[in-house]
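The chain contents come next:
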Amino acid sequence: MLLKELEKFPQEIKSFMRIASTIAGKLGVRIYLVGGIVRDLIIKRKSFDYDIVVEGDGIEFTQLIADFLRVNFIKHQTFGTATVYYKNYKIDVATCRKEYYSCWGALPKVTPSSLRDDLYRRDFTINAMAIGLNKDDYGELLDFYNGYNDLKNGLIRVLHDRSFLDDPTRIFRAIRFEKRFGFRIEGRTLKLIKQALEEEAIKFVDEQRIRDEIVLILKEDYPPKYIRRIDELIGFSFIDKDLKLDKQDYMLFRRIHRAIKFFYQRFLKYHKLQEWLIYLLGITIKLSKEKVERFCSNFDFRRGEKKILTEIFIEKRTIHSLKRKVKIRKIISVLKPMSFEAIVFFYAYFNNKRLNKNILYFLNNLEKIKINVRGSDLEAINLKPAKIYGKILEELVYVKLEKNLLTKEEELEEAKKIFKRLIRAHSN
Ligand code: CTP
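Residues numbered from 1 in each chain as written. Predicted model: local features only at pLDDT ≥ 70, side-chain atom pairs only at ≥ 80, totals over all residues. Heavy atoms only, no water.

A. Fine view of the overall build of the protein chain. The helix and strand tally for the protein chain stands at 21 helices and 11 strands. For a compact globule of 428 residues, the expected C-alpha radius of gyration is about 22 Å, and the protein chain comes in at 28 Å, more than 25% above that figure. Principal axes of the C-alpha set define a box for the protein chain whose edges measure 90 × 50 × 35 Å. Within the protein chain, buried positions represent 51% of all 428 residues. Here the contacts in the protein chain between residues at least 6 apart in sequence split such that 66% fall between residues at least 24 apart. (Helix = DSSP H or I, 4+ residues; strand = E, 2+ residues; numbered from the N terminus. Rg over C-alpha atoms; globule rule 2.2 N^0.38 Å. Buried < 20%, exposed > 50% of the residue type's maximum accessible area, 1.4 Å probe, protein only. Contact = heavy atoms within 4.5 Å.)

B. Structural context of the site of the ligand. The immediate surroundings of the ligand are formed by 14 residues, with Arg39, Asp123, Asp167, Arg176 and Arg180 found nearest. Arg122 places a polar side-chain atom, nitrogen or oxygen, 3.1 Å from an oxygen atom of the ligand. The separation between an oxygen atom of the ligand and a polar side-chain atom of Arg180 is 2.7 Å. For the ligand, the accessible surface in isolation is 570 Å², of which the surrounding protein chains cover 75%. Here the ligand is seated within the largest pocket. Of all the secondary structure elements, the ones that give two or more residues to the shell around the ligand are α2 (36–42) and α7 (169–181). No other element matches the six residues that α7 contributes to the shell around the ligand. (Near = heavy atom within 4 Å. Polar contact = N/O pair within 3.5 Å; in protein donor to acceptor, adjacent residues only side chain to side chain. Areas by Shrake-Rupley, 256 points an atom, 1.4 Å probe, with all protein chains shown as cover. 1 Å grid on protein atoms, 1.4 Å probe; cavity = no way out; pocket = protein on both sides within 12 Å on 5 of 7 lines; lining within 4 Å. Sits in = over half its atoms within 2 Å of the grid points.)

C. Structural context of the layout of surface pockets. Roughly 1700 Å³ of volume is contained in the largest pocket. Those elements that provide at least two residues to the lining of the largest pocket are α2, β2 (50–55), β4 (81–86), β5 (89–95), β6 (97–100), α7 and α9 (207–218). In terms of residue count, the dominant contributor to the lining of the largest pocket is α7 (six residues). Its residues assigned to classes, the lining of the largest pocket shows 16 nonpolar, eight polar and 22 charged. Roughly 500 Å³ of volume is contained in the second largest pocket. (Points joined across faces, edges and corners; volume = space filled by probe spheres on them. Nonpolar A, V, L, I, M, F, W, Y, C, P; charged D, E, K, R; others polar.)

See the structure below:
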């Protein structure tokens with residue numbers, strides 16, 4: 001079958017593929033477009049990752065293209081893969097390979113091979129199709145494992161029975177594709193998932209690989225439905241043996257979803273939220289701080305992510321005070337040190353009228369909280385000692401809000417008054 005959709009690729013990609021095709025012909029290797037891009041092309045979904053495989057030496061082929069186009073590329077000699085950067089696109093090139101798994105969950109041993117073998121080692125039939133990019137098969141769909149029909153029938157199906165044992169992270173991938181596309185995990189595949197889980201296959205996988213899958217899942221459009229499916233099929237004992245979700249938790253996930261949407265509309269046009277972390281907070285808040293610390297270390301979360309996930313336990317105590325009517329300076333002093341992720345989380349978590357009013361007040365006034373006066377301005381008017389500048393500027397934030405200061409001059413006048421007050425208080 002010839003895929004007309006190839007014509008819909010961006011112009012730069014089309015010309016890249018034509019050039020790649022010519023170079024492959026001259027070098028005497030065969031090249032194919034593979035994986036998610038083929039699937040997405042058929043279902044007309046936007047896709048950004050271009051994966052090419054080469055029957056032959058992938059690195060040599062990439063070197064020739066990069067030389068011809070005068071662009072950069074990075075090679076990963078041990079895997080026989082390379083990445084080309086062309087215009088605004090990233091194109092991954094790999095040597096067709098066969099994989100052997102020496103033990104469960106470990107990374108496979110790899111040997112060069114044919115397209116058919118390369119596709120056979122993949123996760124699901126819908127991801128195991130290719131498009132020829134050679135003179136004699138340009139634009140032709142190569143579908144050895146019936147992926148096209150599964151895609152049309154909405155089925156997630158493995159290529160062979162050992163798939164989940166070879167790579168148990170595929171259990172999470174099955175859920176991701178099932179929910180993303182509104183597909184169904186085909187009967188035998190579901191049985192194989194259950195068997196792999198019974199054999200505790202997930203325990204044999206590097207935690208970091210599971211973390212990557214969880215993050216990808218929580219980055220999908222509506223994570224609550226993915227969380228429910230993980231709960232149904234796998235459970236959450238891979239995070240902590242006693243972790244179980246209940247009805248209240250699902251209500252929280254829905255509130256988180258609404259809160260994120262609301263905050264983006266109202267305030268966060270210029271802030272990028274790590275939405276996935278807010279959902280993860282919704283899961284880990286059920287554990288103790290010590291358990292979450294252990295989870296973050298075992299799964300090797302980044303320092304900033306770990307900070308948000310663990311500091312929530314202390315912040316949960318301080319934010320309680322905002323459930324009452326409080327002074328402006330209290331609202332600021334409690335919320336200012338918090339991440340936006342934590343603030344949005346608490347908005348959904350407590351779902352408390354007064355607290356949420358205080359949060360909204362804080363965010364509405366966020367621009368005003370930024371003061372124009374800097375330490376250098378205080379130095380310029382000769383205020384001494386410099387070590388109290390921090391205190392002056394902190395106090396200035398509150399005064400700015402209380403007195404509704406508008407200009408930098410007004411701020412500077414107030415700064416002088418604060419300075420005098422602080423010096424007086426110090427000498428008394
Ligand atoms: N793959 C696999 N087993 C995995 C991960 C990936 O077989 N555990 C294969 C699949 O053929 C997949 C391809 O490698 O299509 C590329 O992987 P990735 O970029 O993670 O998947 P996509 O299918 O492109 O998914 P997405 O749309 O989420 O980017």
